[in-house]
Every structure is written in structure tokens, then in C-alpha cells.
Amino acid sequence: MAEYKLMKGNEVIAEAAIRCGCDAYFGYPITPQSEILETLTLRQPWLETGMVVLQAESEVAAINMVYGGAACGKKVMTSSSSPGISLKQEGITYLAGAELPCLVVNVVRGGPGLGTIQPAQSDYFQSVKGGGHGDYKLIVLAPASVQEMNDFVDLGFELAFKYRNPALILSDGVIGQMMEKVKLSPVKPRWTNEEVIKLNGSWATTGKTADRPRNVATSLELDSARQEQFNHKLQAKYKEIQEKEVRFEKIACDDAEYLFVAYGSSSRICQKAIDLAREKGIKVGLLRPITLFPYPTKAIQEMAEKVKGILAVEMSAGQMVEDVRLAVNGKVKVEHFGRFGGMIPSPNEVVKALEDLIIKG
Amino acid sequence: MSDIKDIIKDENLVYKKTKVLTDNVMHYCPGCSHGVVHKLVAEVIEEMGIQEKTIGISPVGCSVLAYNYLDIDWQEAAHGRAPALATAVNRLHPEKYVFTYQGDGDLASIGTAEIMHACNRGENIVVIFINNAIYGMTGGQMAPTTLEGMKTATSPYGRDIKLNGHPLIITELIAQLPGTSYVTRQAVHTPAAVRKCKKAIRKAFENIGQKKGTSFVEVVSTCNSGWKLSPVKSNEWMVENMFPVYKPGDLKDE
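Just so it is clear, the model here is predicted, and its values are computed rather than measured.

Rules used throughout
- Residues numbered from 1 in each chain as written.
- Chains lettered and ligands numbered in written order.
- Predicted model: local features only at pLDDT ≥ 70, side-chain atom pairs only at ≥ 80, totals over all residues.
- Heavy atoms only, no water.
- Helix = DSSP H or I, 4+ residues; strand = E, 2+ residues; numbered from the N terminus.
- Rg over C-alpha atoms; globule rule 2.2 N^0.38 Å.
- Buried < 20%, exposed > 50% of the residue type's maximum accessible area, 1.4 Å probe, protein only.
- Areas by Shrake-Rupley, 256 points an atom, 1.4 Å probe, with all protein chains shown as cover.
- Lys, Arg positive; Asp, Glu negative; His and termini not counted.
- Charge placed at Lys NZ, Arg CZ, Asp CG, Glu CD.
- Core = buried A, V, L, I, M, F, W, Y, C linked by side-chain atoms within 4.5 Å.
- Domains from an automatic or database assignment.
- Pairing = 2+ DSSP bridges.
- Axes fitted to C-alpha atoms, helices over the stretch in contact; angles between N-to-C directions.
- Contact = heavy atoms within 4.5 Å.
- Buried area = accessible area lost by both parts, 1.4 Å probe.
- Salt bridge = Lys/Arg side-chain N within 4 Å of Asp/Glu carboxyl O.
- Polar contact = N/O pair within 3.5 Å; in protein donor to acceptor, adjacent residues only side chain to side chain.
- Phe/Tyr/Trp six-rings, centres within 6.5 Å; stacked < 30°, edge-to-face > 60°.
- Lys NZ or Arg CZ within 6 Å of the ring centre and 35° of its normal.
- Patch = residues over 30% accessible without salt bridge, like charges linked within 9 Å, V, L, I, M, F, W, Y side chains within 5 Å.
- Disulfide = S-S within 2.5 Å.

We now examine the overall build of chain B. Within chain B one finds ten helices and nine strands. Relative to the 2.2 N^0.38 estimate, which gives 18 Å for 254 residues, the radius of gyration of chain B is 18 Å and therefore close to what a compact globule would have. For the C-alpha atoms alone, the extent of chain B along its principal axes is close to 65 × 50 × 30 Å. Expressed as a percentage of the 254 residues in chain B, the buried residues total 57%. As displayed, chain B offers around 10800 Å² of accessible surface, 56% of which is attributable to carbon and sulfur atoms. A gap of 3 Å separates the mean positions of the 27 positive and 27 negative side-chain charges of chain B.

Structure (C-alpha cells):
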């Protein structure tokens, strides 16, 4: 029988991690995501499933612990909020370069710098364009509800291991702190060491046996020709992800003359804005990217054929709007509306922006 | 004249390269201490029969390619982060023999936080710390352990304490941490020192089996390329100048 609970987004990340058979969590406190580490240490999953939970000395150490665990072929994760995620970028590019699967959760707060502890969506560029050095991509999932915070933990690990690539849940302070009803996932046992060898033994550092060459987790290749070949391999993987893993949701798009494009908590605000606009006779729909990489470029292109204008709504000064414009390629007008620095737009503000920037503008 | 084939026989064997050491040609400069220390670690792994249970963590620095030379599973860490990787492997695989192999820039400069906290948590690992007082791989720049007055590419007039601070004698700090059980400083400049260093490495690995927490083996080493001295002169310079600051011997053995 399904188990329902009223939970915070951050708490459910912890619960979902235990339930999906996560092997280890390494983290460091930072608002507004500390409930993830707090919930885990309160739940003591090491007594229940053997899952390792460790408070690291820094975000830098935490992401490198993730590297160590991931290189063992285990399901390992970390979480933080924007300033801490910036610190993790070195480790994230090494993970991508060594093709190690892992899950990173960013409960975004306003920036730049120390910024604010209030919610924002200003880490889009960092998440989808590569926050660290080198040509790499993360698989980026954008939850818009506490339920999706739950669901995307398992999905994130699934995609990470499928493609041997780090996956990122790009949440924000609204979703992390908000309480909603959530249907908890069924409990899956952790992989045994034998299962890890069977599933990941071709690359994981499980201990070199006589029957195989040594496994080395590394992102180093000093020979430029071979490094280029490796980069081609990575690019082919990202292309496959772009072809197979795009996820999005369309709301009220059938008769839409205008379109909102928004992810995460902005998409929730846009849903209310749709109701308000339609009361005024403005037929507007919403396209909600669920994966930010791979981006639903084609779906936006198709909507650009049908609507008169598109408003990208983000709690940033305008980041995702660049990808909307690339998809639309000048077919219709695309504008951005956002509050930022920790401010959250109201549905009425969103409707007014649609009227001013798109309909009248 | 007897045939060479008559000489190469098992009964005449006085020395054999450990099978844990691969046949790859080492990139280290002739006279560098890394090759000797690699061999000692490899021999200890073979003698203890723990090749299948050993995970090495290589650093950034000259020994970044250590994974080419020891036939075990390896993880290559970002600069200074090896103890964080080792922490995770140790927590997820307490039955494994996990060791980091780090230079002075890696361990005592950029990775100071990671080494202090891993040792303070008493991670059940071995740390091999190669201290040659210089950044070898990048071309001989000043290291945290560079001696006062020592000339390097970034201290061309000699290390100035007012400008660059004091040489960081980190092993003494490590020995203060209750998480460590065995902290020792060795060298490999003479056959006797090599034998002693091997004993220390062996003891450190045995400590893992006894769940004793962190064992830390500093090897005061030479970098004849970086020091711009011949291998023989480097050894002499090390004894004369390094040993008074980095004194060989056990700092802690519990």
C-alpha cells in the first residue's frame, strides 16, 4: 500500500535517498538545504540499510568524497545551496571527466556571492552550461513539487548510472522549504558488493582481481590526440542524452495564443498566472522543462509555430531565456520576466508582464 | 664461459621485481625518490597478499601517474583532495586497504584541510607523504615545505620568511591528532634507510588490518632536477639541510 506523508522538500530528498538504496551521502550545512543532512543524521540509515552519512569538513571535501564513493561504483550523493555548489564545481568537472555517476542536489538561493538565503533560480547557467572547466554536461532535473523532489532522487541515480555521468537536481529554496503531500517511493535494497561488481565492475575500483586489468578512475589524459578522442566520446554521450532523455510538461497549450516557459517554482507561479490571465480572456499556456539538460528545444520550437509570443519566467535576471531564444530562433517575440535576489514574483506580476512585454509590447 | 641461460635459474635468484610493480617505464627523473617509494609500497602489498584489497589514491604532482606503475585499482584525485576520496572508500569498503600517495604541495598546501580532517577523523587509511620541498611537476616552484633561503623558480632569491612564511612542518601537527596511531618520518637515500622505510610502510599497512586509524609515513625525499643537483649531491644536501628541519624517526607509535 502506498505511503503518503506531509513533508518538506528537503526532508523528502533524505527519505528518498534512503529508500532508493543510496550508499552514501556526504554534505556540509548551508541554508536553505540543511534539513537534508539533519534528516539523514536523525534517521540514522546506517543502522537500517548500512548507508553512510558523513558531515564533511567542507563542500570541497564533500564532493571529493562523492568522487571516491562513485569511483567504487556505489550510489553516492551530496547536496548544498548555491555558494556551496560553486565550491563543488572543481569536483563536479572531475566527476564528469572521469565519467563517474553521482547525484548532486542544489537548493538554490539568491546570489551572487554570499547573496541571500531566500529562493532564486540564478544558478541555471552554472548548472546547464558547465559550472566548472572543460566541455562537459550534467543531467539536470528541475523539480516543481515536493513529490518531484522525491521522484527525481531515484530518477537522477538511474540516469547517472545509465550514462556514467553526474546528475543534478536543480531545486530552489521554495521547493526545499515547502511542505506538500508526497507519495513515498517503495524501498529498494542497496546493491550488494557482488551486484556492484556485476553492474559496474568494468570501471569501478572494487579491488583488482587476477581476471581483469586494473581499474583507474581518472580524468587525466596528457596525450592531446587521445584527449580529443575522449572529448568526442563525451560529446556523443551528451548527444544521445539530448535525443533520448528530454522531459517536459505542457499545461493549457492546446488553444494557447501565448506561452510561458518556466521551470521549478516559477512554473507553479505560472500555473496560477494562467488561471488569472484566462479570466481576463488571455489564452496563455505553459511549457515546463523538467530536464534543463537535455533542454526541450524541439518542443519549444513547435510551440513557437503556434503562439504569438513567449514569456520566459525565472527567478533570475534572465538565464534560461537565452535557451528559449535559441529554440525560437526569431520566429516570435521572446521576453524575460523575473524577480531575483531572493524575491518571488506573484502571479499578478507575471500576468502584467505578459500584457506589457508580449501582448502590448 | 658459461651461458647466460645457465645463470638465470630460480636457484640463483637473489632479487626479483615484485609483480605488483608494472613493466611501464617510469617517467620519474633518474635519482628521484618516487621510484624507490613506489617499489616499497608495491613490495609491501605483494608480501601482505593484499593486491585485490588495495585501493590507491594518486595526487596531482609528479606522482599523478602512480596508477601506471602499481598494478592495483586506483583513483586519481584533484589536487589536495586524495584524503577525501580515501575517506569515502574507507567508509564504503572498511575491509579494503586504502592509501593516499601525496607530495608536499598536494598534502601540505592545497590539501591542508583534507589531510588534517581525514587524520582527525582517524580514517583507517595509510598516507604516504613525499616531502622534497619543491613542486617538481610544474618545474621547481616553492613548496610549503621549502626551506628558508632555498632557491626555487618562485623564490629565486631564496625563501624569505617575512614574505612567504615558515616551512610548514606538517607531520608534527598530524602527530598531535588523536585519530592518528602511527606517524613516522623516513628517507630512502641509503640501503639502510630504504630497509627502514619499508618496515615503516609495512607497519602502516598492517595497522589498517588492525583498524588502528590513520597511519602517516613521511618520506623526506630528493628532487635532483628541481634542486639542480646530481642525485648523489642531492642525497648529501638532503641529509645536511632537510634532516635538521625534518628530523627522521617515529613521532608517534600507539
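Next comes the rest of the write-up.
This part covers the nonpolar core. Of all hydrophobic cores here, the largest spans 125 residues; its most connected members are Phe26, Ile310 and Val324 of chain A. Counting residues domain by domain, this core receives three or more from each of domain 1 (4-193) and domain 2 (249-359) of chain A. In this structure, Ile50, Tyr69, Tyr97 and Phe205 of chain B belong to the second largest nonpolar core, which totals 37 residues.

On to the sheet that holds strand β6 (residues 139-141) of chain A. Residues and elements named next belong to chain A. The strand order β3-β2-β4-β5-β7-β6-β13 describes an open sheet built from seven strands, whose pairing is mixed. Among the strands making up the open sheet, the edge pair consists of β3 (52-55) and β13 (291-293). Between one strand axis and the next, the sheet turns through 20° on average, direction left out of account. The pairing of strand β2 (residues 24-27) with strand β4 (residues 76-80) spans two bridges and is classified as parallel. If you follow Ala24 over to β4, its bridge partner there is Val76. Docked against the sheet, helix α5 (residues 82-97) engages β4, β5 (102-108) and β7 (166-172), running at close to 160° with respect to β5.

Bringing the side chain of Ser63 of chain B into the picture now. All names here are of chain B. Tracing the backbone through its elements, the reader meets Ser63 in the loop between β1 (54-58) and β2 (73-76). Using a relative accessible area of 2% as the deciding quantity, one classes Ser63 as buried. Aside from chain neighbours lying at most four places away, what touches Ser63 is Tyr28, His34, His38, Ser58 and Tyr101.

On to the interface of chain B and chain A, then. Taken together, the contact between chain B and chain A spans 34 residues of the former and 36 residues of the latter. Regarding the contact of chain B and chain A, the summed buried area is about 2700 Å², with carbon and sulfur atoms giving 60% of it. Linking chain B to chain A there are four salt bridges. For Arg121 of chain B, the salt bridge goes to Glu57 of chain A, with nearest N and O atoms at 2.8 Å. Between chain B and chain A we count 17 residue pairs in polar contact (both at pLDDT 80 or more) in total.

This paragraph deals with the packing of aromatic side chains. The tally for this structure, following the rule as stated, stands at eight aromatic pairs over all chains. Between Phe161 of chain A and Trp191 of chain A the ring centres are 4.9 Å apart and the planes differ by 90°, which places this aromatic pair in the edge-to-face class. Here Phe161 of chain A, found in helix α7 (residues 146-163), pairs with Trp191 of chain A, found in the loop between β8 (179-183) and α9 (193-200); they are 30 residues apart in sequence, far enough to count as distant. For Phe161 of chain A, a relative accessible area of 15% corresponds to the buried category. We note Lys181 of chain A situated over the ring of Tyr4 of chain A; from NZ or CZ to the ring centre the distance is 4.9 Å. Its guanidinium or amino end placed over the ring of Tyr182 of chain B, Lys203 of chain B lies 5.2 Å from that ring's centre, counting from NZ or CZ.

All right, on to the pairing of β2 of chain A then. Residues and elements named next belong to chain A. Side chains Ala24 and Phe26 of β2 all project onto a buried face; the interleaved residues Tyr25 and Gly27 project onto the opposite face, where all are buried too. Across four bridges, β2 lies against β3 in parallel orientation. Among the inter-strand pairings, Tyr25 is bridged to a residue of β3, identified as Val53.

What follows concerns a nonpolar patch on the surface. A surface patch of nonpolar side chains, about 320 Å² in accessible area, is lined by Ile4, Ile7 and Ile8 of chain B. Locating Ile4 of chain B in the fold gives a position in helix α1 (residues 4-7).

On to the state of the cysteines. By definition, a disulfide links two cysteine residues through a covalent bond between their sulfur atoms. Scanning the model with the defined rule gives zero disulfides over all chains in all. No disulfide involves Cys72 of chain A; its sulfur sits 13 Å from the nearest other cysteine sulfur, which is in Cys102 of chain A. Lacking any disulfide linkage, Cys62 of chain B is separated from the closest cysteine sulfur, that of Cys223 of chain B, by 6.2 Å.

Let's shift gears to the domain arrangement of chain A. Residues and elements named next belong to chain A. Looking at the assigned domains, one finds that chain A contains domain 1 (4-193) and domain 2 (249-359). Buried area between domain 1 and domain 2, summed over both chains or domains, comes out near 2100 Å², and the portion from carbon and sulfur atoms is 55%. Counting the surface domain 1 buries against domain 2, the share from its top three residues, Gln121, Tyr124 and Phe125, is 33%. Scanning the region where domain 1 abuts domain 2 turns up three salt bridges. When the shortest N-O distance is used, the salt bridge between Arg268 and Glu180 registers 2.5 Å. Inspection of the domain 1/domain 2 interface yields 15 residue pairs in polar contact (both at pLDDT 80 or more). Within the residue set of the side of domain 1 that touches domain 2, elements represented by two or more residues are α6 (124-128), β6, α7, β7 and α8 (173-177).

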